[in-house]
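# Working through the structure, step by step
Below are the chains, spelled out letter by letter.
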Amino acid sequence: MNRWILSLLLFAPIAGATTDGRLLSMDSGEVIDRTTLGLQRSAVALPAGFAIDTSLIGDLALAANLGVRWAMATGPHHVAIGARYTQFFGAPVYSSAIAMLNPTVKQFNPSLSGPSAYAAYGIHLGQLSLTVEGRYEHLYYDAAGLNVGGSLVLGGNWWLVAEVGYRFFGQVPLHASLGVRFTGEHFGLALGATYTGYQDPQLPPLPVLPALDVFWCFG
Amino acid sequence: MKTIALLTVLSLCGCGGDVLAQTDPVTQDIPVTSVGLDAYAEIALDMPSETQGTVQIQKVAIDTDVVNSSGATTMKLTVLLSAHGTAMPGAPVLFTAQNKPPEFATAVNILGPKSYAPASHTAEHVESTQLAAIVQQPRLWIIVGNTVTQAGIGDGLPLKLTLSNLILTAHVSKSFQGLGAAVDVSGL
């Protein structure tokens, strides 16, 4: 415990860097071999590279979700594939919230239920790690994307992360995220921003959303 | 503050939703000042912002109570829809068949002419595909007309037909598909 705190303070490199299989806003393709509690992904590690996972952020937003993931690493290469099912339970809550904030809206029935799947391949090249992810979602609408993420060691266990991708079918085709990641022996965090480019007559323009991930690995 | 809260709720969604939005009720009198001369009122209605932008219009309807408060005069109501107009919300424009504005010629009939008996109170519900097509512009104009061909005994001018609590209800499907980034950062 002391060693962990010390390393966090001094940013000393530690073997067996921890992961929750996420970069900033995409999958990292890494193997999850320890039970993880994280915002973007909480997972129970199973044998042979399998894991059952859920997005805690989604759960907190009343979109209960459960997924299965399999990942494998050989040398510098690693691959992961996964699928998830999301069931949205928050319709009454969101409806009340929106109706309270905007009395013109008498009823709002949001929906975010459906399956999603992804596959990622990554490679460690010393200071740089690259990951390519393909994903597909059917949550109220169809969405598919191809993303490329790069992580560059900044110093110690800090990484600079940049992602760029393309969304097929989407209104906003550009996926772009930028931020930093810290991966310690038991704890990790990612902080950055992701481009949304979202325009809606009801809302002010929203150019970016924060990308946040905090996770602990046990075992 | 309200906008930030709305934004937070919607970005947590990153999803899609069915929205039911309504305009504030409008009550409008249509006074006939000369029997045989049709009287009109042009009312401007601002569309709820929920109907603007990328939405799929599922259903649009106008609900109102038509009140003929006269003792013995039958009145006929006509309702037209126009994409252009001069009236402002809260400031209707009254005119007669003799001085119709230019938008009258292109306005689309969505109700009537329909007769209402004296001392009657009738609820009307109008749904129309033209209404659904026009609702995506920020403001639309409803022209309501009152035709009186014969004044009833004991009824003096002006003879008023009242549209009470006119409400436009839009049922739209809104996909917040543009918030795909919100789904990406959530880990879903």
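Quick caveat, the model's predicted, so the values are computed rather than measured. (Residues numbered from 1 in each chain as written. Chains lettered and ligands numbered in written order. Predicted model: local features only at pLDDT ≥ 70, side-chain atom pairs only at ≥ 80, totals over all residues. Heavy atoms only, no water.)

## Structural notes on the side chain of Thr36 of chain A
Residues and elements named next belong to chain A. Our working definition: Strands here are runs of E lasting at least two residues and helices are runs of H or I lasting at least four, both read from the DSSP assignment and numbered beginning at the N terminus. A 1.4 Å probe rolled over the protein chains alone gives each residue an accessible area, and that area as a share of the maximum for its type sets the label: buried under 20%, exposed over 50%, partly exposed in between. Here a polar contact is recorded for every N or O atom pair within 3.5 Å, except that within protein the pair must consist of a potential hydrogen donor and a potential acceptor, and residues adjacent in sequence are included only if both atoms are side-chain atoms. Should any heavy atoms of two residues lie within 4.5 Å, those residues are counted as being in contact.
Residue placement: Thr36 occurs in strand β1 (residues 35–38). Accessibility expressed as a relative area gives 4% for Thr36, which makes it buried. Among the polar contacts listed, one links the side chain of Thr36 to the backbone oxygen of Arg34, at a separation of 2.9 Å. Excluding residues that lie within four positions of it along the chain, Thr36 makes contacts with Thr19, Asp20, Arg41, Ser42, Ala43, Phe215, Trp216 and Cys217.

## Re the nonpolar core
All names here are of chain B. Just so we agree on the cut-off: The definition of a nonpolar core used throughout is a set of buried Ala, Val, Leu, Ile, Met, Phe, Trp, Tyr and Cys residues joined through side-chain atoms within 4.5 Å.
With 35 residues, the main nonpolar core has Leu45, Ile62, Leu77, Leu140, Ile142, Val144 and Leu168 as its most contacted residues. Where this core is concerned, the elements lending two or more residues are β2 (26–32), β3 (39–46), β4 (55–68), β5 (75–82), β7 (108–116), α3 (129–134), β9 (139–147) and β10 (159–175). The leading source of residues in this core is β10, at 7 residues. The residues touching Ile142, leaving out its near neighbours within four places in the chain, are Ala41, Glu42, Ile43, Leu45, Ile62, Val79, Leu80, Leu81 and Leu166.

## Points about the sheet that holds β7 of chain B
Residue and element names in this part refer to chain B. As a reminder, the rule being used: Two strands pair under a simple rule: DSSP has to find at least two bridges between them. Angular values range over 0 to 180 degrees, each being the angle between N-to-C directions of two axes fitted as lines to C-alpha atoms, with helices fitted over their stretch in contact.
Strand order in this open sheet of 5 strands is β6-β3-β9-β5-β7, and the pairing throughout is antiparallel. The sheet is open, and its two borders are formed by β6 (93–96) and β7, each paired with just one other strand. Mean inter-strand twist for the sheet, computed between neighbouring axes without regard to direction, equals 20°. In the sheet, β5 pairs with β9 via 7 bridges, with the strands oriented antiparallel. Its bridge partner lying in β9, Lys76 is registered against Thr147.

## Description of the packing of aromatic side chains
Residues and elements named next belong to chain A. The condition is simple: Only Phe, Tyr and Trp rings take part, Trp by its six-membered ring, and two of them pair if their centres are within 6.5 Å. Stacked means planes under 30 degrees apart, edge-to-face means over 60, and tilted covers everything else.
Applying the stated criterion across every chain, the model contains 7 aromatic pairs over all chains. Considering the side-chain rings of Phe182 and Phe187, the 6.4 Å spacing of their centres and the 45° angle between planes classify their relative orientation as tilted. Exposure remark for Phe187: the relative accessible area of 11% places this residue in the buried category. Ring geometry for Phe187 and Trp216: centres 5.4 Å apart, planes at 50°, overall tilted. Taken together, the residues span a long stretch of sequence, with Phe187 in strand β12 (residues 187–198) and Trp216 in strand β13 (residues 206–218) at a distance of 29 residues. Taken together, the ring pairs in this structure connect Trp158, Phe182, Phe187 and Trp216 into an aromatic cluster.

## Brief notes about the pattern of salt bridges
Where charged atoms from two side chains of opposite charge approach closely, those side chains can pair. The criterion, for reference: The salt bridge definition used is simple: a Lys or Arg side-chain nitrogen within 4 Å of an Asp or Glu carboxyl oxygen.
Summed over the entire model, instances satisfying the criterion amount to 11 salt bridges over all chains. For Arg84 of chain A, the salt bridge goes to Asp53 of chain A, with nearest N and O atoms at 3.3 Å. Taken together, the residues Arg84 of chain A in strand β5 (residues 77–88) and Asp53 of chain A in strand β3 (residues 50–54) connect sequence positions 31 residues apart. Residue Asp184 of chain B pairs with Arg135 of chain A through a salt bridge whose shortest N-O separation is 3.9 Å. Residue Asp184 of chain B is located in helix α4 (residues 180–186), and its partner Arg135 of chain A is located in strand β8 (residues 128–139); the two belong to separate chains. For the pair shown, Asp184 of chain B and Arg135 of chain A are each scored as buried. Overlapping salt bridges, with partners in common, bring together Asp27, Arg41, Asp53, Arg69 and Arg84 of chain A in one network.

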